[in-house]
Structure formats: C-alpha cells, structure tokens
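# Survey of secondary and tertiary structure
The primary structure of each chain is shown beneath.
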Amino acid sequence: FEYAGPLNEMVVMGNLAVRLKSLNKKLEWDGVNMRITNLAAGDEIKVTNGIPNQEPKVLTLNATQAAEEYIRHTYRSGWSLEA
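Here we summarise the structure given alongside this text.

The rules behind the values
- Residues numbered from 1 in each chain as written.
- Predicted model: local features only at pLDDT ≥ 70, side-chain atom pairs only at ≥ 80, totals over all residues.
- Heavy atoms only, no water.
- Core = buried A, V, L, I, M, F, W, Y, C linked by side-chain atoms within 4.5 Å.
- Buried < 20%, exposed > 50% of the residue type's maximum accessible area, 1.4 Å probe, protein only.
- Helix = DSSP H or I, 4+ residues; strand = E, 2+ residues; numbered from the N terminus.
- Contact = heavy atoms within 4.5 Å.
- Phe/Tyr/Trp six-rings, centres within 6.5 Å; stacked < 30°, edge-to-face > 60°.
- Lys NZ or Arg CZ within 6 Å of the ring centre and 35° of its normal.
- Expected span 1.5 Å × (residues − 1).

## Describing the nonpolar core
Counting 13 residues, the largest nonpolar core has Leu16, Leu20, Leu23, Ile36, Leu39, Ile45 and Ala67 as its most contacted members. For this core, the elements supplying multiple residues, two or more each, are helix H1 (4-19) and helix H2 (63-71). It is H2 that contributes the most residues to this core, 4 residues altogether. Sequence-distant contacts of leucine 16, that is, excluding residues within four places in its chain, are made with Leu27, Trp29, Ile36, Ala67, Tyr70 and Ile71.

Pasting the structure below:
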C-alpha cells in the first residue's frame, strides 16, 4: 500500500488531465482533500457518448461535478442472492 496509494493517485490525476484537457488550464491538485482546487463554478467540458454504430451525441457537463464523479465514482448496488 505504500507504493499503490501514490501510484493510484497519479493514475487518477492523469485520467483527470486527459478528460479535462478542453479547459486549457493547469490543474491544481489538493492531495489531502483529493480535489482540484482551481475549477470555476461555470467551467464546462464536452463529452461524446462514443457508442459504436450510433450518431455521436455531445453532452456538456459541469467540470467540477464531472471531476468529483471521476475521482469518487458512484457505483451501483451489488448483486443479491435473494430471489
């Protein structure tokens, strides 16, 4: 865990940098609180759905909310053995 924690944080930051590159700004990372500190409330990014054989749809997302979801992904409930 001594190596895995910082390595995972670096990978997440690289992923964020690629996904938020349309903002054209240097991202300032607060490692203790695990968040980007220099995103403005009005910053937006555009993402494409990327579904094969379908017309691409471009969505506009709030950059701060998108970054928070990328960092702390909300997972669905797990499978249940109950019928």
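## What about the packing of aromatic side chains?
For the structure on display, the rule yields 0 aromatic pairs. For arginine 19, the ring lying beneath its charged end belongs to tyrosine 70, and the centroid distance is 4.3 Å. The ring of tryptophan 79 carries the charged tip of arginine 76 above its face, separated from the ring centre by 4.7 Å.

## Describing H1
The terminal C-alpha atoms of H1 lie 22 Å apart, and with 16 residues this matches the ideal 22 Å at 1.5 Å per residue to within 8%. Close packing links the buried residues of H1 with strand E1 (29-30), strand E2 (35-36) and H2.

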